[in-house]
Amino acid sequence: MAAAGDGPWLDEAAGRLVRPFTVSNGRTRPTIALDLLSQVMVTGATPLGHLGPEYALALDLCRAPVPVAEVAAHLKLPAAVTKVLLSDLVDCGALTTKPPVFHDNPTDRALLEAVLDGLRRQL
């Protein structure tokens, strides 16, 4: 998989040397519907052809089920770019995905008010 030095190319003064949308060849729409909470995980299939370093890092991150948002955070890429990258890996059979599962109603008013109260206490 990815070696330690295979991360996004960074320069201390200039920042990221490869612009985020270069990773997805300028594409902004994934081929499959992915939610930020969708879980992605490697299938064990080896993708054909050469993958860029971000693809290899994504595969390494997805050894266990992980949400799309977490992959984006670790790759330091916008969610839109990460969704395109992950959909490419799903298309070639290297990743599998499943929609988020909610055990509670995520729009439950009492739950949202409790979260808001907790955030207010932190400020």
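The rules behind these values
Residues numbered from 1 in each chain as written. Predicted model: local features only at pLDDT ≥ 70, side-chain atom pairs only at ≥ 80, totals over all residues. Heavy atoms only, no water. Core = buried A, V, L, I, M, F, W, Y, C linked by side-chain atoms within 4.5 Å. Buried < 20%, exposed > 50% of the residue type's maximum accessible area, 1.4 Å probe, protein only. Helix = DSSP H or I, 4+ residues; strand = E, 2+ residues; numbered from the N terminus. Contact = heavy atoms within 4.5 Å. Salt bridge = Lys/Arg side-chain N within 4 Å of Asp/Glu carboxyl O. Patch = residues over 30% accessible without salt bridge, like charges linked within 9 Å, V, L, I, M, F, W, Y side chains within 5 Å. Areas by Shrake-Rupley, 256 points an atom, 1.4 Å probe, with all protein chains shown as cover. pLDDT = per-residue confidence, 0-100.

The name an unreviewed UniProt entry gives the chain is DUF742 domain-containing protein, with Streptomyces hintoniae as the organism.

A.B. asks: Outline the nonpolar core, supporting the account with residue identities and numerical values.
C.D. replies: V40, V71, L85, L86, L89 and L95 are the most contacted members of the largest nonpolar core, which totals 19 residues. Mapped onto this core, the elements with two or more residues apiece are α2 (53-61), α3 (68-75) and α4 (79-91). Here the element with the most residues in this core is α4; it accounts for five residues. Those residues in contact with L89, other than ones at most four positions away along the chain, are L51, Y55, A58, L59, A94 and L95.

A.B. asks: Give a detailed account of the pattern of salt bridges, specifying residues and quantitative values.
C.D. replies: Per the stated rule, a full pass over the model turns up two salt bridges. The salt bridge involving D60 is made with R63; its shortest N-O contact spans 3.1 Å. Accessibility expressed as a relative area gives 22% for D60, which makes it partly exposed. Here E113 and R109 are joined by a salt bridge, their closest N and O atoms 3.0 Å apart. Here R109 and E113 lie together in helix α5 (residues 109-122), a separation of four residues that amounts to about one turn.

A.B. asks: Can you lay out a nonpolar patch on the surface for me, pointing to particular residues and giving the numbers?
C.D. replies: A contiguous nonpolar surface patch, about 250 Å² in accessible area, is contributed by L111, V115 and L119. As for its position among the elements, L111 is in helix α5. Given the relative accessible area of 38%, L111 is considered partly exposed.

A.B. asks: Which residues make up the confidence of the model for the chain, and what are the values?
C.D. replies: Looking at the chain, the pLDDT average stands at 80 and 74% of residues meet or exceed 70. Summarising per-element confidence for the chain, the mean pLDDT is lowest in strand β2 (residues 15-16) (48) and highest in strand β3 (residues 39-42) (95).

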